[in-house]
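So the chains spell out like this:
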Amino acid sequence: MKEEGQKAPGRNEDLILIARAVRTRGLKGEIVADLLTDFPDRFDRTPVLFALSPDGEQKTVKLEDHWFQKGRIVLKIAGYDSIEAASALVGCEFAVPEAERVTLDDDQYYDWELEGCRVETVAGQQVGAVKSVMRTGGVDLLVVENQEKQSSLIPMVSSILIEIDKQKKTILIDPLPGLLDL
């Protein structure tokens, strides 16, 4: 499974978040941002970004330059040439259109593609819908919520996840005995 940020919730659902501005840097208006993508090289071919402010404003900005520093990315946005100007972007999330997402292999998925998928067992039992993907540092888990708002954690291993159909938004599982009772 890969991460290409997430959908821009409550805003434009056709945008994918790829970075979040955390502070200014230097005197020329650079911005230090947290990466929200597993594909940092995408900035090499992404000249235009959408800046989504915390108050809901959305604007198109041109990426003038970028480089990586201590696990983060430093962005230079055209027209933001001072600390004061760049400070207006702190807290903004940077996004690209969903159509520009990095294409994955057939057996790979973005977290946001799995969210909302209906989950059922090979025996036909309805388990619920995927609420989120929990990254554990080991085996990732699907957090599946049923109609009573109770959650089940489904390990994302091939012996349990039998089929994922992104188009139909369905996931077929073959759970180990007792897994859904936890």
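Our structure's up above, just so we're on the same page.
Quick caveat: nothing in here was measured; it's all calculated off a predicted structure.

Across five bridges, strand S3 (residues 48–52) lies against strand S4 (residues 58–69) in antiparallel orientation. Its bridge partner being in S4, Val48 is matched across the sheet by Lys62. Connecting S3 to the next strand, S4, in antiparallel fashion are five residues, including Gly56 with a positive phi near 100 degrees. Where S4 folds back on strand S5 (residues 72–77), the antiparallel hairpin that results is connected by two residues, among which Lys70 adopts a positive phi of roughly 50 degrees.

Its boundaries defined by the atoms lining it, the largest pocket holds a volume of some 250 Å³. The wall of the largest pocket is formed by 13 residues, among which Asp107, Tyr109, Met156, Leu161 and Ile164 lie closest to the centre. Classifying every residue of the lining of the largest pocket by side-chain character gives eight nonpolar, two polar and three charged.

In this structure the tally under the stated criterion is two aromatic pairs. An angle of 5 degrees between the planes, with centres 5.4 Å apart, marks the rings of Tyr110 and Trp112 as stacked.

Cut-offs applied
Residues numbered from 1 in each chain as written. Predicted model: local features only at pLDDT ≥ 70, side-chain atom pairs only at ≥ 80, totals over all residues. Heavy atoms only, no water. Pairing = 2+ DSSP bridges. Helix = DSSP H or I, 4+ residues; strand = E, 2+ residues; numbered from the N terminus. 1 Å grid on protein atoms, 1.4 Å probe; cavity = no way out; pocket = protein on both sides within 12 Å on 5 of 7 lines; lining within 4 Å. Points joined across faces, edges and corners; volume = space filled by probe spheres on them. Nonpolar A, V, L, I, M, F, W, Y, C, P; charged D, E, K, R; others polar. Phe/Tyr/Trp six-rings, centres within 6.5 Å; stacked < 30°, edge-to-face > 60°.

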